[in-house]
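Each chain, letter by letter, is given below.
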Amino acid sequence: MVWEVHRLCSSTGPISMQQALRLVLGMAYNIEAAVAKWREVAAWREEQRMALVRERLDAMMRSNADISFPHEQEVYGKLFRGCPCALLTADGRPVSVWHAGAPRADELSSLPVEHLKEWSREVFEYADLWISKDTERTQQLTGYIQVYNMAGLGWRQVTSKEVAEKLKGALSAGGFYVEAVARIYVVNAPRVFSMAWKMVRGFLSPWTASKITVSSEVPQELIAELGGEASAAKLRRLCAADVAAPLGAPVLRPEHPRRASEESSVSNSSCSTRCSYGCPKGAVKVAGFWLQPQQLPPGLEDRNLEALVEEVHKACCTVAPASKQQALRLVLGMGYNPHAAVAKWREVVEWRRAHRMDDIRQNYVAIMLSNGAAQFPNQAEVYDKLVAVSPCAFLSTSGCPVSIWHAGTLNVNDATTLPLDQVSEWSRAVFEYKDIWISQQSEKSRRLVGYVQVYDMRGLTWRHYSSRELAEKVKAALQPGGFYVEAVSHMFVIHASPLFAAAWKIARNLISPWTASKISVSGGVPDELLQLLGGPSSETAQRFQDLLRRTPGEAAAQTRVLQPTWKAQAGPELASTPTAELSSESCKADISDCPSRCEEADLEVPEGMRKAAGFLLAEDQLPPGLESHCLDALVAEVHQMCSQVSALTQQQALRLVLGMGYDRVAAVAKWREICAWRAANNMDEVRREQARKAASTEGIHFPGEDKVRKFIMVHPCALLAADGSPVSIWHGGTLASGMDLAPADITAWSHAVFEYKDLWVAQDSEATRTLKGYIQVYDLKDVSLRQLSRDTVEKLRCALQPGSYYMEAVSHMYVVNSSMVFSMAWKVIRNLISPWTASKISVSNGLPEELVQALGGPQSAALKRLKEILASRSDAGPVPVLRRLPDA
C-alpha cells in the first residue's frame, strides 16, 4: 500500500517513502484520501515556498547560532507563551510546550493573523525537519510531542472569538504535516475542561483520541516519556514560570543533525510492527501494545507473534473470556508455547473461580474510582505476625507500582499463631490490586507494563532462614503471584548478605537466562533501581533512600498504598477476569485415536506410564499441556522437519518435543542450534571416541581431567541409580582459582563428559524402550564466598554449558549439603521459574529421601558409596568412571 501511494503521489510532486508511509497511516489506510491529502499538502507547500523555508531551517539547525522564528516576540507576548522544541524525550524527540494563558489579551487585536501563520509555518517545519531526519537515521518512524499547559486559562480567554481566531492562525500549519505528532498532552487542565474532554472524545476516532491525554497535573505517562523526574522537573519549571515572561526556554537541536538533502526521497523503509511512535529503539508492537526488546523472551525467531497471540486469544476465550492483553502476557510468560498458554489460562480461571477473585477485583476497582484508601484483608495481622510489607509504596518512572518486602521483620515467634488462610487472603488481594493497576495502565498507554518488587534483606538472620513455619507462610504470601502471568517487570533483592549473593550466583545457573535477567541481587541499592525511580536526584529516589535509612519496621509503618495517577475504569475487559466453567472442548485437540494414549501389542504399557514414539515415559516426564496434543503425531512431525536439517533418531525427536514443551517451532530451532554447535566442536568425533571407551575394558578417562580436578573435583558417572542410570557428583567446596586451566582444557573435558553421559542414557533408552536420563548431584558443602570470583564462576559456567545441548537428558538434579542461605534463595527462585523446571531440581541441607530412593533405598550399596564420596571428597582420589550395564 505504501508503494502504491508513493507511486500515485509522485505524479503530483516529489515525495519520500517516509512521507508516503505517514500519509497511509494518517489517512487510515485509505489510498484515495492519502493521494488527495498529498495534493493539498503539495499545493500549500508550493504556495508558501516551503522548500526555501526548509533549507534555511536546515542551515540554522546545523549552525551554533540561537534558533528563532519570525514574529516570535509578538506571538509570545500577545497570544501565548511558547516553548517550541524546548525539551527532549528520553529517546531524543522534541517536546514543545504551549502555555494557554494570554499575557496581554488587551493587545491581541494588534497581532496580525498573517504574522501568526508565518510563525506557525516555520515552527511546524522545524519540528517536521527534526523528526524526518531522526526517522531516516534510525529507520524508525517517530513523531514529536505537544504539551498544552492550561494553567492560568481564564473564562474570558475561552469564550473570546478573537482568541479563537488567532489560535487557529497559530496552529494552522500543523494540518499539513500528516502523522507528525506522536502524542498530545493537556496538563494542568481545570475540572471543567476535563469534563468537556470526556464528552468530546466520544465523537473522535479511537485512534485520534488515543493520542491525546488530558490531566489535572503532569501525568506519569509524560514523565516516563521525558525519561524520569529530573527531566519532568524542567517541564514543571516551564509551566510554573510567570506568564508575563514571553520566552520560556531556548529552541533545542537534534543530537544528530543532517542536511535536508541527505534525507532519502526513495527510502525503502516500510511500516511494520517495529515502527515506533514515541517508543524506544527496537520496540515491537503486538496485539496493539508496545513491548521493549527486553520484554521478549528468547526464541521469537521467525514466529509471527501477532498471529500467535490471536491464536491463543481465541483458544483461551473458549475456556473463559480473556482480553488481548491477557493473551499477550500468557504467550510471553509461557515462552511462545500456545498449548502451555491455554493450559495456564485454565489453571488461572479455575483458581480465580475457587477464590471468587472477580468480587475482589470489583471491590478494588471501586476503591480506585472513588480515590478511597486501599486496605487489604488481615493486613495488620500479616504485618505484625509475619512480615512487614509496603505494597505499591512508590511509583516507577513509567507510573507503575513499586512494592517493598521488609524481610528483616520476619517474625519467627508469632508466625505460628497466624492462620495460613489469612496470609493467602491478604496476598490474593495485594496481587489483584497490582494487577488491576498494570492492566489498566497498559490499556491506557498501549505499552505492556509490569510492577516492581523489592526485597530488602536487612536484618535477616540464620533463625529466619531455618524456620520451617516461616517458609510455609512466606510461600503462601508469594504463591498467588504465580497466577498473574508476566505481571512483574523486575525484582530487586537489596542489602543481600555476601552469602546470599554467593548462593544467587550458583542458583541463577539453574534457571533460564530469561528468568534470571529479571532478578537483580545486590549488597546495596543498585543504580538500576534508582533509575527506575527517576534517578538518584529525583524526589522519589530520595524518599526511597530516606525510607531505607530507617529500621524495616519504621519503613513499613511510614509508607502507604498509592493509587494510579489516572482514573480506573470498570470496563468489561479490565474490571474482571471472567471465570466461566471449564467445560469447553474446543481448546482440545481430538486425541481419542492418538497412539500415545493407547496400549500397543508390541509393548505393554504399565500403569502410570505413557507410550510415545515407541518409548515408555513416566507421567512426571511429561511437561504440562499434553492434553492438547497427539504426542506420536507431534514427534513424527518434528522428526520429519528436523531431518531436513540433519539426521536424527526418533528418540532425539521425542526429547526435543518434551524439552521444548510441545512447541514444534522451538524444537526445530533448537535442533538447528544443536547441529551448529556439534559441527563447530567436532562432536561426532568426540562421540565415536566415547563409544570406543565404553566398549573397551580399559579405565575411562576424559581429556584434561587432571587439570580440571585442580579447579573442581567432579566424579562423572561414579554411581548407578536403581534403574541403571549414571549418577555424577560435583563438589562445589573444592572450587579453586584454576589459574593453570585454559578455556580449551575445560571445554575439551566438558564436551567429553556430557557426550559420554548422553551416549549412556541414549543407548539405555533404546535397549529398554524407556526414556532414561542421568542424575546430577551438586555437593555445596564448604562452599564459601571467596571461591566465587568472577573468573571462577565463568569457568564453572563453561564446564556446565554443554549440558544445554542435550535435551531432556537430565532426569533430576540434587543440590545437597546446601546452606540455609542457598536454600532460602531457592525457595524464592523456584517461584520465578516454571513448575515443570522446578520439579526436576531438589535443594536440601542433607540427602533428600527422593535421592535415597533413586539410589535403591537406605540399605543400597549406591547410597553407601555416595556417602563415602561426599565424606572424603578429593581425599580418596578420583572415583572410577562406570559403564552402562551390559544387560541393560
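Read on for an overview of the structure.

Definitions and cut-offs
Residues numbered from 1 in each chain as written. Predicted model: local features only at pLDDT ≥ 70, side-chain atom pairs only at ≥ 80, totals over all residues. Heavy atoms only, no water. Axes fitted to C-alpha atoms, helices over the stretch in contact; angles between N-to-C directions. Helix = DSSP H or I, 4+ residues; strand = E, 2+ residues; numbered from the N terminus. Parallel < 35°, antiparallel > 145°, perpendicular 65-115°, else oblique. Left-handed = near helix turned anticlockwise from the far one by under 90°. Contact = heavy atoms within 4.5 Å. Nonpolar A, V, L, I, M, F, W, Y, C, P; charged D, E, K, R; others polar. Core = buried A, V, L, I, M, F, W, Y, C linked by side-chain atoms within 4.5 Å. Buried < 20%, exposed > 50% of the residue type's maximum accessible area, 1.4 Å probe, protein only. Pairing = 2+ DSSP bridges. Expected span 1.5 Å × (residues − 1). Salt bridge = Lys/Arg side-chain N within 4 Å of Asp/Glu carboxyl O. Phe/Tyr/Trp six-rings, centres within 6.5 Å; stacked < 30°, edge-to-face > 60°. Lys NZ or Arg CZ within 6 Å of the ring centre and 35° of its normal. Patch = residues over 30% accessible without salt bridge, like charges linked within 9 Å, V, L, I, M, F, W, Y side chains within 5 Å. Areas by Shrake-Rupley, 256 points an atom, 1.4 Å probe, with all protein chains shown as cover.

### A word on the packing of helix α18 (residues 420-445) against helix α20 (residues 468-478)
Argument step 1. With their axes 7 Å apart at the nearest point, α18 and α20 run at an angle of 30° to one another. With respect to α20, the axis of α18 lies roughly parallel. Every pair of crossing elements has a handedness; the one defined by α18 and α20 is right-handed. Residues Leu420, Val423, Ser424, Trp426, Ser427 and Phe431 of α18 pack against Glu472, Lys473, Ala476, Ala477 and Leu478 of α20.
Argument step 2. Of the residues assigned to the contact of α18 with α20, the class counts are seven nonpolar, two polar and two charged.

### With respect to the nonpolar core
Soluble globular proteins tend to pack their nonpolar side chains together in the buried interior.
Argument step 1. By size, the foremost hydrophobic cluster in this structure holds 79 residues, and its most contacted members are Leu305, Trp345, Leu386 and Tyr433.
Argument step 2. For this core, the element with the highest residue contribution is α18, accounting for nine residues.
Argument step 3. Counting 50 residues, the second largest nonpolar core, distinct from the first, contains Val53, Met60, Cys85 and Val251.

### Here's the deal with the sheet that holds strand β16 (residues 726-731)
Argument step 1. Pairing is mixed in the open sheet, where five strands are placed in the order β15-β16-β17-β18-β19. Two strands in the sheet have a free side with no partner beyond their single neighbour: β15 (713-720) and β19 (841-843). Averaged over all pairs of adjacent strands, the angle between their axes in this sheet comes to 15°, without regard to strand direction.
Argument step 2. Of the strand pairs in this sheet, β15 and β16 are connected by five bridges, and their pairing is antiparallel. Pairing of histidine 715 across the sheet is with isoleucine 729, part of β16.
Argument step 3. Taken strand by strand, helix α31 (residues 743-768) contacts β15, β16 and β17 (774-779), and its axis lies near 10° from that of β15.
Argument step 4. Here helix α36 (residues 861-872) sits on the sheet and contacts β15, β16, β17 and β18 (810-816); the angle it forms with β15, its principal contact strand, is near 170°.

### As for helix α29 (residues 683-695)
Argument step 1. Its 13 residues place the ends of α29 18 Å apart at the C-alpha level, agreeing with the 18 Å of an ideal helix rising 1.5 Å per residue.
Argument step 2. At its buried positions, α29 is contacted by α28 (664-680) and α31.

### Some details on the pattern of salt bridges
Argument step 1. Counted by the stated rule, this structure contains 48 salt bridges.
Argument step 2. Taking the shortest distance from any N to any O, the salt bridge between glutamate 705 and arginine 709 comes out at 3.7 Å. Residue glutamate 705 and its partner arginine 709 are both found in helix α30 (residues 705-711); the two are separated by four residues, about one turn of the helix.
Argument step 3. For arginine 709, a relative accessible area of 24% gives the class partly exposed.
Argument step 4. A salt bridge links aspartate 745 to lysine 707; the nearest nitrogen and oxygen atoms lie 3.5 Å apart.

### Examining the packing of aromatic side chains
Argument step 1. Counting across every chain of the model gives 25 aromatic pairs.
Argument step 2. Between the aromatic rings of phenylalanine 376 and tyrosine 433, the centroid separation amounts to 5.6 Å while the plane-to-plane angle is 80°, which identifies the pairing as edge-to-face. Placement of the pair is phenylalanine 376 in the loop between α16 (357-370) and α17 (379-385) and tyrosine 433 in helix α18, with a sequence separation of 57 residues.
Argument step 3. Overall, tyrosine 433 belongs to the buried group, its relative accessible area being 0%.
Argument step 4. Aromatic side chains phenylalanine 702 and tyrosine 756 sit 5.6 Å apart centroid to centroid with 75° between the ring planes, which places their arrangement in the edge-to-face category. Of this pair, phenylalanine 702 sits in the loop between α29 and α30 while tyrosine 756 is found in helix α31, placing the two residues 54 residues apart along the sequence. Across the pair, exposure class does not vary: phenylalanine 702 and tyrosine 756 are buried alike.
Argument step 5. Connected via pairs of aromatic rings, a cluster forms that spans Trp44, Phe124, Phe176 and Tyr177.
Argument step 6. Across the ring face of phenylalanine 483, the terminal group of lysine 344 is positioned such that the distance to the ring centre comes to 5.5 Å.
Argument step 7. Above the face of the phenylalanine 754 ring, lysine 757 is positioned so that its terminal group lies 4.4 Å from the ring centre.

### Considerations on helix α3 (residues 31-47)
Argument step 1. Given a rise of 1.5 Å per residue, 17 residues ought to cover 24 Å, and the 24 Å separating the end C-alpha atoms of α3 matches this to within 8%.
Argument step 2. Taken together, the buried positions of α3 are occupied by Ala34, Val35, Lys37, Trp38, Val41, Trp44 and Arg45.
Argument step 3. Those residues of α3 hidden inside the fold are in contact with α1 (2-10), α2 (17-26), α4 (50-62) and α6 (113-138).
Argument step 4. Looking at the residues trailing α3, positive phi occurs at arginine 49, about 50°.

### Description of the sheet that holds strand β5 (residues 212-214)
Argument step 1. Pairing is mixed across the open sheet formed by five strands, whose spatial order is β1-β2-β3-β4-β5. Strand pairing shows two members of the sheet lacking a second neighbour, β1 (81-88) and β5, which therefore form its edges. Sheet twist, expressed as the average angle between the axes of neighbouring strands with direction ignored, equals 15°.
Argument step 2. Pairing between strand β3 (residues 144-149) and strand β4 (residues 181-187): six bridges, direction parallel. Paired with asparagine 149 across the two strands is valine 187, which belongs to β4.

### Here's the deal with a nonpolar patch on the surface
Argument step 1. Together, Trp462, Leu499 and Met820 give the surface a local cluster of nonpolar side chains, amounting to about 290 Å² of exposed area.
Argument step 2. Within the secondary structure, methionine 820 is located in helix α33 (residues 820-829).

### Quick notes on the pairing of strand β14 (residues 615-618)
Argument step 1. With four bridges joining them, strand β13 (residues 609-612) and β14 adopt antiparallel strand pairing. Within β14, the position partnered with lysine 611 by the bridge is leucine 616.
Argument step 2. Between β13 and β14, which pair antiparallel and follow one another directly, the connecting turn spans two residues, one of which, alanine 613, has a positive phi of 55°.

### Notes on the packing of α29 against α31
Argument step 1. Packing of α29 against α31 brings their axes to within 9 Å, and their N-to-C directions diverge by 65°. The chirality of how α29 crosses α31 is right-handed. Of the residues in α31, those touching α29 at Met683, Val686, Arg687, Gln690, Ala691 and Ala694 are His751, Ala752, Glu755, Tyr756, Asp758, Leu759 and Ala762.
Argument step 2. Counted by class, the contact of α29 with α31 contains eight nonpolar, two polar and three charged residues.

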